[in-house]
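Observations on the model geometry
The primary structure of each chain is shown beneath.
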Amino acid sequence: MADFAIKLDTKRCIGCHACELHCQTQNRLPTGMSLGRIQVRPDRTPEGQPVLLSAFATCLHCDQPWCLAACPTGAIRKDPDTGLVLVEDTLCVGCKACIELCPWSAPQWDDARAKVIKCDFCQARREQGLEPACVAGCTTRALSYEPAGQASRRARVKYARQVASGRPELLQ
């Protein structure tokens, strides 16, 4: 996995799709296309209260990416320093093998460029010390860009506190 991850705080997300709009703008994508997608669905708590369920989906920058293995030209590579799975568009011949093999639908076809594109966590922005566009554009700051281990640790601690909240003896 990559050294960093984009994390969604589902309690803060209001389903406004600003993250997708900022991704589209940053990457000059056509309307309706985004390299990071927010999925939202209304639901109810067990008590009957309305709640919004949300999930953010983007490239997972896998340890052993299927898209990389599928690419016949070497256009997809894994950065050894960051762990990011990147597309070198000058090498992409548009065979779409990576699109077919990725179980997460991360690589996407861009008709205008006649190339495959995918999320690179806004590499150019990060090189300037900026957050990825989706994170920077999130109106409620529900998205964060942080070290992958930190995101995982924070999620585990949060879950442990939720479990322990009904059992004070677990907090000791």
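Bear in mind the structure is a predicted one, so any value in this text is a computation, not a measurement. (Residues numbered from 1 in each chain as written. Predicted model: local features only at pLDDT ≥ 70, side-chain atom pairs only at ≥ 80, totals over all residues. Heavy atoms only, no water.)

1. Points about the environment of T10
Topologically, T10 is positioned in the loop between β1 (4-8) and α1 (18-26). Taking the C-alpha atoms as reference, T10 lies 5.9 Å from S54; in sequence the two are 44 residues apart. (Helix = DSSP H or I, 4+ residues; strand = E, 2+ residues; numbered from the N terminus.)

2. Things to note about the confidence of the model for the protein chain
Chain-level pLDDT for the protein chain is 87 on average; 86% of the residues reach the 70-or-more range. When the elements of the protein chain are averaged for pLDDT, helix α6 (residues 148-164) gives the smallest value, 63, and helix α5 (residues 133-137) the largest, 97. The low-confidence segment residues 167-172 (pLDDT under 50) makes three contacts with residues lying over four places distant or belonging to another chain. (pLDDT = per-residue confidence, 0-100. Contact = heavy atoms within 4.5 Å.)

3. Here's the deal with the nonpolar core
Grouped together as the largest cluster of nonpolar side chains are 25 residues, with contacts concentrated most on I6, L8, F56, C134 and L143. For this core, the secondary structure elements donating two or more residues are β1, α1, α5 and β8 (143-147). Residues in contact with L143, not counting those within four places in the same chain, are I6, K7, L8, C19, F56, C134, V135 and C138. If you look at the next biggest cluster of nonpolar residues, it comprises eight residues, including C71, A75, C92 and C98. (Core = buried A, V, L, I, M, F, W, Y, C linked by side-chain atoms within 4.5 Å. Buried < 20%, exposed > 50% of the residue type's maximum accessible area, 1.4 Å probe, protein only.)

4. Topic: unusual backbone geometry
Backbone phi values are negative for most residues with the exception of glycine, while trans is the configuration of most peptide bonds. One non-glycine residue, R28, lies in positive phi territory at about 50°. Here R28 is to be found in the loop between α1 and β2 (37-44). One non-glycine residue with positive phi stands out, namely C122, at about 50°. In this fold, C122 is placed in the loop between β7 (115-117) and α4 (123-127). What makes C122 buried here is its relative accessible area of 12%.

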